[in-house]
Amino acid sequence: MCNACGFPSAPGHWTDAGVDTPGDRLRMQFRRAQVLKKILSDYGLSARVDGQIPGIQLSTFTGSQVNLRDLEAVWKEAERQIGAPVDPLDPRFTGIAAEPVA
């Protein structure tokens, strides 16, 4: 168990698949937080990983913060806070134009 946040130590999440070393895992978490921050900013939320506390810290524009274990928990909490679904594959985030349905 982490003394800082109370999360029990757990094996890696499926989103960490293919990561070989703890350093690679941390680099991947930092990169993931950058992407999350970009996506969630449109919803008034921010995500960060500081390397000290395990997991991802999700913050609102008012300053409230919650520590979350993994990416799945981030999406659930973000949707709970904004009261609507968050689609990380929305074309405005991916830069891919939606094709018309025939």
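Anyway, here's the lowdown on the structure attached to this text. (Residues numbered from 1 in each chain as written. Predicted model: local features only at pLDDT ≥ 70, side-chain atom pairs only at ≥ 80, totals over all residues. Heavy atoms only, no water.)

**A short note on the packing of helix H1 (residues 22–40) against helix H2 (residues 71–82)**
Put simply, the rule is: Orientation is described by axes fitted as lines to C-alpha atoms, over the contacting stretch for helices, and by angles from 0 to 180 degrees between their N-to-C directions. Think of it this way: any DSSP run of H or I at least four residues long counts as a helix, any run of E at least two long counts as a strand, and we number them from the N terminus. Between 65 and 115 degrees an angle is taken as roughly perpendicular, under 35 as roughly parallel, over 145 as roughly antiparallel, and anywhere else as oblique. Two helices that cross are described as forming a left-handed crossing if the nearer one is turned anticlockwise from the farther one by less than a right angle, and a right-handed crossing if clockwise. Residue contacts are defined here by distance: any two heavy atoms, one from each residue, within 4.5 Å place the two residues in contact.
Relative orientation of the contacting elements H1 and H2 amounts to 15°, with a least axis distance of 13 Å. Of the possible angle classes, the one that applies to H1 and H2 is roughly parallel. The handedness of the crossing between H1 and H2 is right-handed. Residue-level contacts link Arg32, Leu36, Ile39 and Leu40 of H1 to Leu71, Val74, Trp75 and Ala78 of H2.

**Here we look at the pattern of salt bridges**
Here is the rule: Salt bridges, as used here, are contacts in which a Lys or Arg side-chain nitrogen is within 4 Å of a carboxyl oxygen on Asp or Glu. Exposure is judged per residue with a 1.4 Å probe applied to protein chains only, and the accessible area is read against the type maximum: over 50% gives exposed, under 20% gives buried, and values in between give partly exposed.
Inspection of every chain in the model, using the stated rule, returns four salt bridges. Note that aspartate 50 is salt-bridged to arginine 48, the shortest N-O span being 3.8 Å. A residue is classified by how much of its surface remains accessible, and aspartate 50, at 25% relative accessible area, is partly exposed. We note a salt bridge from arginine 80 to glutamate 77, for which the minimum N-O separation is 2.7 Å. On the criterion of helical spacing, the pair formed by arginine 80 and glutamate 77 is a turn pair, its members being three residues apart in helix H2.

**Concerning the sheet that holds strand S2 (residues 56–60)**
Note the following rule: Strands are treated as partners if at least two bridges between them are detected by DSSP.
Ordered in space as S1-S2-S3, the three strands form an open sheet in which the pairing is antiparallel. Since the sheet does not close on itself, it has two edges, and those belong to strand S1 (45–48) and strand S3 (65–68), each with one partner. Looking at each pair of strands side by side, their axes are set apart by 20° on average, direction ignored. By the bridge criterion, four bridges tie S2 to S3 in an arrangement that is antiparallel. Note that in S3 the partner of serine 59 across the bridge is glutamine 65.

**A closer look at H2**
The condition that has to hold: To estimate how far a helix should extend, the number of its residues minus one is multiplied by 1.5 Å. Pairing of N or O atoms within 3.5 Å defines a polar contact, subject to two protein rules: one partner must be a possible hydrogen donor and the other a possible acceptor, and residues neighboring in sequence count only if both atoms are side-chain atoms.
Spanning twelve residues, H2 covers 17 Å between terminal C-alpha atoms, matching the ideal 16 Å at 1.5 Å per step. Residues of H2 that are buried in the fold lie against H1, S1, S2 and S3. Put simply, aspartate 70 is the residue that caps the front of H2, since its side-chain oxygen is 3.2 Å from the backbone nitrogen of glutamate 72. Two residues or fewer after H2 comes glycine 83, characterised by a positive phi angle close to 75°.

**A short note on the nonpolar core**
As a reminder of what qualifies: Only buried residues count toward a nonpolar core. Its members are Ala, Val, Leu, Ile, Met, Phe, Trp, Tyr and Cys residues joined through side-chain atoms within 4.5 Å.
In this structure, Leu36, Leu40, Leu58, Val74 and Trp75 are the most contacted members of the largest nonpolar core, which totals 16 residues. Secondary structure elements with two or more residues in this core: H1, S1, S2 and H2. With residues near it in sequence (within four places) discarded, leucine 36 still touches Ala47, Ile56, Leu71, Val74 and Trp75.

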